[in-house]
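# Reading the structure
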Amino acid sequence: MMNIGTKERASALVGMTVLLVGLSCLTLIGFDVWRCLSERSVQLREVHASVRNLAKAMQIHAQNAIDEADLVLVGVVERIETDGTGPAVLARTERLMKLRKQALPQLDGLFVFDREGRWLAFSQPALVANANNADRDYFIRHERDAAAGLLIGAPVRSRSTGHLVIPLTRAINAPDGSFAGVALAMLRVDYFTRFYDELDIGHDGAVALAATEGYLLARRPFSPSYVGKSLAGSQLLETVRKYGTGVTKEIRSAQDGVVRLNSIMRVGDYPLFVGAAMSKDESLVEWRSNTIVHVVCDLGFVLLLTLLGLQLARRVRETERARAQLVDAHEALERLNRDLERQALSDGLTGLANRRHFDMRLAHECAMAAQQGTPLALLLIDIDHFKYYNDEFGHQSGDACLQRVAATIRSFETDPSCVAARYGGEELALILPGIDGLAASGIADKVREAVAALGIPNPRTGRAALTVSIGVANFRANDTPRELIARSDAALYNAKSCGRDAVRLAA
Ligand SMILES: Nc1nc2c(ncn2[C@@H]2O[C@H](COP(=O)(O)OP(=O)(O)OP(=O)(O)O)[C@@H](O)[C@H]2O)c(=O)[nH]1
């Protein structure tokens, strides 16, 4: 059974164990949470950099394609405006347009229309019957605004090739500044989508080329239905409207609902922008699986640590219990030893020092007195006519009487160095270190009176009460204990001889 102190110590140790295990678990979990969050932000930073690089590549690609096509348009317009639309000029222009179309893969066709929209020159192999482009949006806009410059129109399906194309147009003006027609370069939508197909954007990534007016020109993943599709209400367009181009933002796609990290860039000075986006979920797939592995490992480790902690706490409790039992056993043993020691040194009947103890202490005190030159006295005390008492009251009463007399003598142990002892039988002794013979005689007299004052009857002596006779001896330099005892004994004999109930100091 554990005592309160042991219980408290065991509880404190168990508490410390729990605290240690708890802190270890918290440190581990805290560190791993921090590591996971850091890895996540590193991963997202890498995705940000990737989408910016992709957007930059798309921007350069689109700008080059448009710049090259516009350069051709500018040349064609300049030639027609300078040289007119005579058959020779148109033939040369058409040759030039065919050469340019072969050289520039983004071109689906080049055309020159007169002010009525009729085809004057074109890069296509043959004229489409009754072809007239006066109904096209770009034609109407140039007709209305001669200073419109380069127009990039919404994608249309080409009447000559059937391909999806983006029309780039410039107005042709007559020498008087009036509208004289339109030069058209058709950019193939698939020129862009083929390039976009080669970009590494993952499974859920998306890229797009769009007009700032708010419609799509090309996109990956591609579907013909996307081409020309309005972006109205989409977060992509809202982001462009709100933050402009040149930003990287997290956007939920209006097309497929996937959340992506989008990098948006303006294509030169054209009313176009490109957007490159990678799925946030997909980008974090590896991080997520790593995190799951870490969480499982952490949980396992925490479980292991908890089990070890519980085991440790149990061991601590057991050890403390064993320690307490050991301490109890040790204390019991010490008590037993003290009892045995006391028993070995004390007299069983009177409780005074026994003869062995008396001899040891007297030898010690004699040595001290001799060494330090201090006084020492010995009293030998004998009960007078004790035989009568025994005979009168029986041996058991004699024992009780002996105990009372011993207790009285013990009361004169006024100093820790004093020793009251049972010298033998009904003979008792008192060692008085530091006290000379005269003072010791005074004490002896008081002892004698104190015993008499007990009033123990001893009728056959003819006296009022039981008495003692005391022989006092003063230690002399070089006395042996035996010599000191012998002189005390001689003095006791004198006290007896002169009628008992007396004190005698040895000569
Ligand atoms: N009850 C009891 N008596 C004891 C004990 N030890 C010694 N005695 C008795 O003490 C008595 C000593 O007797 P004696 O030596 O003749 O001396 P006395 O009768 O005291 O007479 P004086 O010494 O001459 O005065 C004996 O009767 C012993 O039996 C003890 O432990 N108990």
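Residues numbered from 1 in each chain as written. Predicted model: local features only at pLDDT ≥ 70, side-chain atom pairs only at ≥ 80, totals over all residues. Heavy atoms only, no water.

What counts is decided by this rule: UniProt positions are given in the numbering used here, feature names are shortened, and annotations may be inferred rather than shown by experiment.
Named according to an unreviewed UniProt entry, the chain is diguanylate cyclase originating from Chitinasiproducens palmae. According to the UniProt record, the Catalytic activity (unreviewed entry) comment for the chain reads "2 GTP = 3',3'-c-di-GMP + 2 diphosphate". According to the UniProt record, the Subcellular location (unreviewed entry) comment for the chain reads "Cell membrane".

### Description of the overall build of the chain
Test applied: Here a strand is any run of E in DSSP of at least two residues, a helix any run of H or I of at least four, and the numbering for each starts at the N terminus. For each residue, the accessible area found with a 1.4 Å probe, counting protein chains only, is set against the maximum for its type, and the residue is called buried under 20%, exposed over 50%, and partly exposed in between. Contacts between residues were defined by any pair of non-hydrogen atoms, one from each residue, lying within 4.5 Å. Reported accessibility uses the Shrake-Rupley method at a 1.4 Å probe radius. Residues are deemed covered only where the shown protein chains occlude them.
Tallying secondary structure elements over the chain gives 12 helices and 16 strands in all. Counting the 507 residues in the chain, one finds 43% classified as buried. In the chain, the proportion of contacts linking residues at least 24 apart, taken out of those at least 6 apart, comes to 61%. Total accessible area computed for the chain in this model is approximately 26100 Å², and 56% of it derives from carbon and sulfur atoms.

### Some words on the site of the ligand
For clarity, the cut-off: Whether a residue is near a molecule or strand depends on its heavy atoms: if one lies within 4 Å, it is near. Between N or O atoms, a polar contact is any pair within 3.5 Å; within protein, one atom must be a potential hydrogen donor and the other a potential acceptor, and residues adjacent in sequence are included only when both atoms are from side chains.
Around the ligand sit 16 residues, and of these H385, F386, N390, D399 and R422 come closest. For the ligand, an oxygen atom lies 3.0 Å from a polar atom in the backbone of K387. Here E426 contributes a side-chain N or O atom positioned 3.3 Å from an oxygen atom of the ligand. When isolated, the ligand has an accessible area of 650 Å², and the protein chains bury 67% of it.

### Considerations on the packing of aromatic side chains
How we decide: Note on aromatic contacts: the rings of Phe and Tyr and the six-membered ring of Trp form a pair at centre separations within 6.5 Å, being stacked when their planes are under 30 degrees apart, edge-to-face when over 60 apart, and tilted otherwise. Throughout this description, the term charge over a ring refers to an Arg CZ or Lys NZ atom that lies within 6 Å of the ring centre and within 35 degrees of the ring normal.
On inspection of all chains with the given rule, the structure shows 11 aromatic pairs. Taking 6.0 Å as the distance between ring centres and 10 degrees as the angle between the ring planes, the aromatic pair formed by F386 and Y389 counts as stacked. With F386 and Y389 both in helix α9 (residues 386–393) and 3 residues apart, this pair spans about one turn of that helix. According to the relative accessible area criterion, Y389 is buried, its value standing at 9%. Members of the aromatic cluster, joined through ring pairs, are F111, F113, W119 and F122. Just above the ring of Y226 sits the side chain of R219; from NZ or CZ to the centre is 4.8 Å. Lying across the ring of Y243, K249 places its NZ or CZ 4.1 Å from the centre.

### A closer look at the sheet that holds strand β8 (residues 215–220)
Test applied: Two strands pair if DSSP finds at least two bridges between them. Comment: axis = line fitted to C-alpha atoms, over the contacting stretch for helices; angle = value between 0 and 180 degrees taken between N-to-C directions.
Taken in spatial order, the 5 strands line up as β8-β7-β11-β10-β9 in an open sheet, and their pairing is antiparallel. Unpaired on one side and paired on the other, β8 and β9 (247–252) mark the two borders of the sheet. With direction set aside, neighbouring strand axes in the sheet form an average angle of 25 degrees. Judged from the 7 bridges that link them, strand β10 (residues 259–266) and strand β11 (residues 272–279) form a sheet pairing that is antiparallel. In the strand pairing of β11, N262 is matched with A277. Contacts from helix α4 (residues 189–197) reach β7 (206–211), β8 and β11 within the one sheet, and its direction differs from that of β8 by about 40 degrees.

### Brief notes about the nonpolar core
This is how the line gets drawn: Nonpolar cores were defined as sets of buried Ala, Val, Leu, Ile, Met, Phe, Trp, Tyr and Cys residues, with membership established by side-chain atoms within 4.5 Å.
The biggest cluster of nonpolar side chains holds 55 residues, and the ones touching the most others in it are L168, F192, Y196, L209 and L272. When residues of this core are assigned to their parent elements, the largest contribution, 16 residues, is made by helix α1 (residues 4–83). With sequence-adjacent residues up to four places away left out, Y196 is seen in contact with M58, V207, L209, A218, R220 and V274.

### Remarks on the sheet that holds strand β13 (residues 419–424)
Ordered in space as β13-β14-β12-β15-β16, the 5 strands form an open sheet in which the pairing is mixed. Where the open sheet ends on each side, the last strands, each with one partner, are β13 and β16 (503–505). Ignoring strand direction, the axes of neighbouring strands in this sheet form an average angle of 20 degrees. Where β13 meets strand β14 (residues 427–433), 5 bridges bridge the pair, whose relative direction is antiparallel. Residue A420 lies in a different strand from β14, and its bridge partner there is L430. Its contacts with the sheet place helix α8 (residues 355–372) against β12 (376–383), β13 and β14, and it is angled at close to 25 degrees to β14. Contacts from helix α11 (residues 437–453) reach β12, β14, β15 (468–474) and β16 within the one sheet, and its direction differs from that of β15 by about 165 degrees.

### Considerations on a nonpolar patch on the surface
The line we're drawing: For patches, a residue must show more than 30% relative accessible area and have no salt bridge; joins then use 9 Å for like charges and 5 Å for nonpolar side chains, namely Val, Leu, Ile, Met, Phe, Trp and Tyr. What counts as a salt bridge is simple: a side-chain nitrogen of Lys or Arg found within 4 Å of a carboxyl oxygen of Asp or Glu.
The grouping of L19, L23 and L26 at the surface amounts to a nonpolar patch, some 330 Å² of accessible area in total. When you line up the elements, L26 lands in helix α1.

### Regarding the UniProt feature "coiled-coil region" (unreviewed entry) in the chain
Per the UniProt entry, the sites bearing "coiled-coil region" (unreviewed entry) are residues 316–343 in this numbering. A helix fraction of 100% and a strand fraction of 0% characterise residues 316–343, whose end C-alpha atoms lie 40 Å from each other.

### Quick word on unusual backbone geometry
In this structure, the amide linkage connecting R220 to the following residue, P221, adopts the cis form with an omega of 5 degrees. Looking at where P221 falls in the secondary structure, it is placed in the loop between β8 and α5 (235–243). If you check the backbone angles, N478 has positive phi at about 70 degrees while not being a glycine. Relative to the elements of secondary structure, N478 occurs in the loop between β15 and α12 (481–497). The class for N478 is exposed, based on a relative accessible area of 71%.

### With respect to the pattern of salt bridges
Enumeration over the complete set of coordinates arrives at 23 salt bridges. A salt bridge links E250 to K280; the nearest nitrogen and oxygen atoms lie 3.0 Å apart. With E250 in strand β9 and K280 in helix α6 (residues 280–283), this residue pair connects regions lying 30 residues apart in the sequence.

### Some words on the environment of D176
For D176, the position within the fold is in the loop between β5 (164–173) and β6 (179–188). Judged by its relative accessible area of 63%, D176 is exposed. Looking at D176, its side chain comes within polar contact range of the side chain of S178, at 2.7 Å.

### Remarks on the confidence of the model for the chain
Inclusion rule: What pLDDT expresses is the predictor's confidence in each residue, scored from 0 to 100.
Residues of the chain with pLDDT of at least 70 account for 98%, and the chain-wide mean is 92. Confidence estimates for the predicted assembly give a pTM of 0.58 and an ipTM of 0.98.

### Quick look at the UniProt feature "transmembrane region" (unreviewed entry) in the chain
Residues given the UniProt feature "transmembrane region" (unreviewed entry) here are residues 12–34. A distance of 32 Å separates the end C-alpha atoms of residues 12–34, which is 100% helix and 0% strand.

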